[in-house]
Amino acid sequence: MRKINIKNIELNIDMVPFLDLKDVNNKIIVDLDGNKYINEEAPKNAAIIFLNENYQKKKEINDVKSLSNDIFSKYKPFITGTVCKIKPLNNWQKIIGMNRENMLYFDHPSDGIEIFEDSILEEFGWHAVALEIEYRDISDFIEENCDGVFLCYDNEIQFNGFAIIDDIEKVRAQVKEFIINKTKENIKNNEIELDEDDAIEALEFFGLESK
């Protein structure tokens, strides 16, 4: 998984395609890699850093500089030729909201990871806790072994971020295998209270025996 700190991002956006926009409601999306989606949806696995769902191009705007300043005004754009440079850091909180629908989990600065947004992975995580496997263990595994992007803000004092994965079916299979292998290790090390109801239920859920 790609791990990217929002404070290190600077995007170069070719503004020429925006010159053809009409004075109607236009939906504009720019993703983490600078890909533009004009009046179309971005892929579910794209981390979005800019979104305007109803941009109306004013008739008097017909040059790149004016257009860049109008569209990306909150991103402090810097224009060189037909390229608009933006740094999305100042809009980090809004970027989190833009990606809320497609993120697998959000790593909160104080609460950590409370839930997996995918219901199947959330069920895996809920049962895994009874087997001495925390959500943090699972998220660390995902970030190290699964395909996708983890976009974060880290200034060495404050940290938070979110994960967007490429293939949910593949991640489910990888996480389940990780939990099973980790559980076997925990049983071997006597780290699980095998006579507790939650542990018994979790072992049955993952098709494991207590020996």
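Trainee: Before we go on, may I ask you to explain the overall build of the protein chain in this structure?
Mentor: Of regular secondary structure, the protein chain possesses six helices and ten strands. Relative to the 2.2 N^0.38 estimate, which gives 17 Å for 211 residues, the radius of gyration of the protein chain is 22 Å and therefore markedly larger than a compact globule would have. Overall size of the protein chain, expressed as C-alpha extent along the three principal axes, is 75 × 35 × 20 Å. Counting the 211 residues in the protein chain, one finds 45% classified as buried.

Trainee: Looking at this model, I keep getting lost on unusual backbone geometry. Mind explaining?
Mentor: Among all residues save glycine, negative phi is the norm, and among peptide bonds the norm is trans. Even without a glycine there, the phi angle at asparagine 39 is positive, about 55°. By the secondary structure assignment, asparagine 39 is in the loop between β4 (36–38) and β5 (48–55). Among the residues examined, asparagine 39 registers a relative accessible area of 46% and is labelled partly exposed. We note that asparagine 190 has phi near 60°; this positive angle belongs to a residue other than glycine. Inspection of the secondary structure assignment puts asparagine 190 in the loop between α5 (168–188) and α6 (197–205). Its relative accessible area of 68% is what places asparagine 190 among the exposed residues.

Trainee: Just checking my understanding: could you explain the pairing of strand β7 (residues 83–86) for this structure?
Mentor: A regular strand places its side chains so that they alternate between the two faces of the sheet. Where burial is concerned, the two faces of β7 differ: the one with Cys84 and Ile86 is buried and the one with Val83 and Lys85 is not. Looking at chain direction, strand β2 (residues 11–14) and β7 are connected through four bridges and run antiparallel. Paired with asparagine 12 across the two strands is lysine 85, which belongs to β7. Pairing between strand β6 (residues 78–80) and β7: three bridges, direction antiparallel. Among the inter-strand pairings, phenylalanine 78 is bridged to a residue of β7, identified as lysine 85. Connecting β6 to the next strand, β7, in antiparallel fashion are two residues, including glycine 81 with a positive phi near 65°.

Trainee: What's the story with the sheet that holds strand β8 (residues 105–107) in this structure? I'm lost.
Mentor: Think of a sheet as strands paired side by side through backbone hydrogen bonds, with each pair either parallel or antiparallel. Spatially, the four strands line up as an open sheet ordered β1-β9-β10-β8, and their pairing is mixed. Strand pairing shows two members of the sheet lacking a second neighbour, β1 (2–5) and β8, which therefore form its edges. On average, each strand axis in the sheet is inclined to that of its neighbour by 20°, with strand direction left out of account. In this fold helix α4 (residues 135–145) packs onto β1, β8, β9 (148–154) and β10 (159–165), with an angle of close to 105° to the strand it touches most, β8.

Rules of the game
- Residues numbered from 1 in each chain as written.
- Predicted model: local features only at pLDDT ≥ 70, side-chain atom pairs only at ≥ 80, totals over all residues.
- Heavy atoms only, no water.
- Helix = DSSP H or I, 4+ residues; strand = E, 2+ residues; numbered from the N terminus.
- Rg over C-alpha atoms; globule rule 2.2 N^0.38 Å.
- Buried < 20%, exposed > 50% of the residue type's maximum accessible area, 1.4 Å probe, protein only.
- Pairing = 2+ DSSP bridges.
- Axes fitted to C-alpha atoms, helices over the stretch in contact; angles between N-to-C directions.
- Contact = heavy atoms within 4.5 Å.

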